[in-house]
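Remarks on the overall topology
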Amino acid sequence: HHIDMIKKYNAKPDGRYEFDLVVMHDKTIPQAALDTIHGLGARTLLLSDTIKRLGCLGYIKFNPDGGLNEERCEMPYDLAHIPNNRLKMLLQQLKLGAATLLEYKNTVQIDIDMLVRDIGLLEVELDYMRENENIDLVGHGQSVPVSASHFAMRPSLTTVDLWLKDLDHGFNPD
């Protein structure tokens, strides 16, 4: 659905933006699924276990009684090795991986289970960022960007640095 919508938007002569679809994933996604995504015209961005591990180690540094330990941080990131609530928390931090897409002026992160029926809201958010050069993240709700269904971001090395510092310094999911 999203790929078709993006292709139709990009084909319009009056569109203010050009959109690409980039699917962020980890190594647990089978190659056949990635081939299908590429065949549909989307790009992919592999997020390494190192980033997950950094977030996990940062969490235990500041939450020593939070249900994780260094040994668990070295295990696979799945429900067999990490409790569900902590796994969700660690994986949600990976949304900020959109900050590494430095070849784009702006990105819009959308959860895979979110259905966008109209690009109009995304245009409004991107227009706002265009008009406010000092704004690097636009989202909705108090939990943005950690558990937001979507947010707009201006990728930059500064944003990546802040993201890595956030992972390294831990976070409190409560």
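Predicted, not measured: the structure shown is a model, and the values here were computed from it.

Turning next to the packing of aromatic side chains. Following the criterion strictly, the structure yields two aromatic pairs and no others. Members of the aromatic cluster, joined through ring pairs, are Tyr9, Tyr17 and Phe19.

Here we take up the nonpolar core. Counting 14 residues, the largest nonpolar core has Val22, Leu45, Ile51, Leu96, Leu101, Met153 and Trp163 as its most contacted members. Looking at this core, the elements with two or more residues in it are β5 (150-153) and α7 (157-169). Looking at this core element by element, the count peaks at three residues for α7. Ignoring anything within four residues of it in the chain, the contact list for Ile51 reads Leu94, Trp163, Leu164 and Leu167. One finds Tyr17, Ile119, Leu126 and Val138 within the second-largest nonpolar core, a separate group that totals 12 residues.

With that settled, the discussion passes to the side chain of Arg86. Note on placement: Arg86 falls in helix α5 (residues 84-93). A distance of 3.1 Å separates polar atoms of two side chains, one belonging to Arg86 and the other to Tyr59.

Let us look at the state of the cysteines. All chains considered together, the criterion is met by one disulfide. At a sulfur-sulfur separation of 2.0 Å, the disulfide partner of Cys56 is Cys73. Here the S-S torsion is close to -80°, and the disulfide linking Cys56 with Cys73 is therefore left-handed. Taken together, the residues span a long stretch of sequence, with Cys56 in helix α3 (residues 49-62) and Cys73 in helix α4 (residues 70-73) at a distance of 17 residues. Note on accessibility: Cys56 and Cys73 belong to one class, buried.

Quick notes on the rules
Residues numbered from 1 in each chain as written. Predicted model: local features only at pLDDT ≥ 70, side-chain atom pairs only at ≥ 80, totals over all residues. Heavy atoms only, no water. Phe/Tyr/Trp six-rings, centres within 6.5 Å; stacked < 30°, edge-to-face > 60°. Core = buried A, V, L, I, M, F, W, Y, C linked by side-chain atoms within 4.5 Å. Buried < 20%, exposed > 50% of the residue type's maximum accessible area, 1.4 Å probe, protein only. Helix = DSSP H or I, 4+ residues; strand = E, 2+ residues; numbered from the N terminus. Contact = heavy atoms within 4.5 Å. Polar contact = N/O pair within 3.5 Å; in protein donor to acceptor, adjacent residues only side chain to side chain. Disulfide = S-S within 2.5 Å.

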